[in-house]
Amino acid sequence: MQSCLVSRCKRPQISGYIYDSETKQPIENCKVGETSSQSNGYFLLAEKRYRQFTLFGFEAPTLAVNEAIKKEGYESQNIQFMQPFGGGMKKGAFYSADTIYIKKNILKTN
């Protein structure tokens, strides 16, 4: 058996837009993972990779992505997806989250 050091994908580059679900307007400074959305709602999360020793012939691990979307006054959401052998994605992997609509929190009164 042979082993080697390989580059694995922890998270592909992710881009998209954050919009208000009622007004359909972009939301600025919405926290998406470790970044924030711009004035037009656009965000871009950089690709994350790690190195792993593996035995020759073993399949790539499952890729599970879960990135939080948070903005004060809005309900939190997550960007979630899973790919069975996604850890083997080549460098430069990309995922388009397209447009994500988030709802304002509803204030409860007694």
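Scroll up to find the structure this text is about.
Nothing here was measured: the structure is a model prediction, and the numbers come from that model.

J.: How should the overall build of the protein chain be read in this particular structure?
T.: Secondary structure assignment for the protein chain yields zero helices and nine strands. Taken from N to C terminus, the helices and strands of the protein chain fall in the order β-β-β-β-β-β-β-β-β. Within the protein chain, the proportion of its 110 residues that are buried is 31%. Intrachain contacts of the protein chain at a sequence separation of at least 6 include 69% that bridge at least 24 residues. Surface summary for the protein chain: the accessible area is close to 7,500 Å², and the carbon and sulfur share equals 50%.

J.: Looking at this structure, I do not really get the pairing of strand β2 (residues 13–20). What am I missing?
T.: When a strand is regular, its side chains alternate between the sheet's two faces. Relative to strand β9 (residues 94–102), β2 is paired through eight bridges, and the arrangement is parallel. Residue pairing for β9: Gln13 is matched across the bridge by Phe94. Bridge count between β2 and strand β5 (residues 42–45): four bridges; the pairing is antiparallel. Its bridge partner lying in β5, Tyr17 is registered against Tyr42.

J.: Would you take a moment to explain the environment of Ala64 for this structure?
T.: Summarising the element assignment, Ala64 is placed in strand β7 (residues 63–70). Counting along the chain gives 54 residues from Ala64 to Lys10, while the straight-line C-alpha distance between them is 8.0 Å. In this view, Ala64 contacts Phe81 and Met82; residues no more than four positions away in its chain are not counted.

J.: Explain the side chain of Arg11 to me, please; I cannot follow it from the model alone.
T.: Take Arg11: it is sitting in strand β1 (residues 3–11). When its relative accessible area of 2% is taken as the criterion, Arg11 is described as buried. Polar side-chain contacts of Arg11 include one of 2.7 Å to the side chain of Glu34. When near neighbours in sequence (up to four residues on either side) are disregarded, Arg11 contacts Glu34, Leu45, Ala46, Glu47, Lys48, Leu63, Val65 and Glu67.

J.: How should I be thinking about the sheet that holds strand β3 (residues 31–32) in this particular structure?
T.: Backbone-to-backbone hydrogen bonds pair the strands of a sheet. The strands run either parallel or antiparallel. Pairing within the open sheet is antiparallel, and its four strands lie in the order β4-β3-β7-β8. Each edge of the open sheet carries a strand with a single partner, namely β4 (35–36) and β8 (77–83). Sheet topology places β3 next to β4; two bridges connect them, and they run antiparallel. Counted as the bridge partner of Lys31 is Ser36 from β4.

What counts and how
- Residues numbered from 1 in each chain as written.
- Predicted model: local features only at pLDDT ≥ 70, side-chain atom pairs only at ≥ 80, totals over all residues.
- Heavy atoms only, no water.
- Helix = DSSP H or I, 4+ residues; strand = E, 2+ residues; numbered from the N terminus.
- Buried < 20%, exposed > 50% of the residue type's maximum accessible area, 1.4 Å probe, protein only.
- Contact = heavy atoms within 4.5 Å.
- Areas by Shrake-Rupley, 256 points an atom, 1.4 Å probe, with all protein chains shown as cover.
- Pairing = 2+ DSSP bridges.
- Polar contact = N/O pair within 3.5 Å; in protein donor to acceptor, adjacent residues only side chain to side chain.

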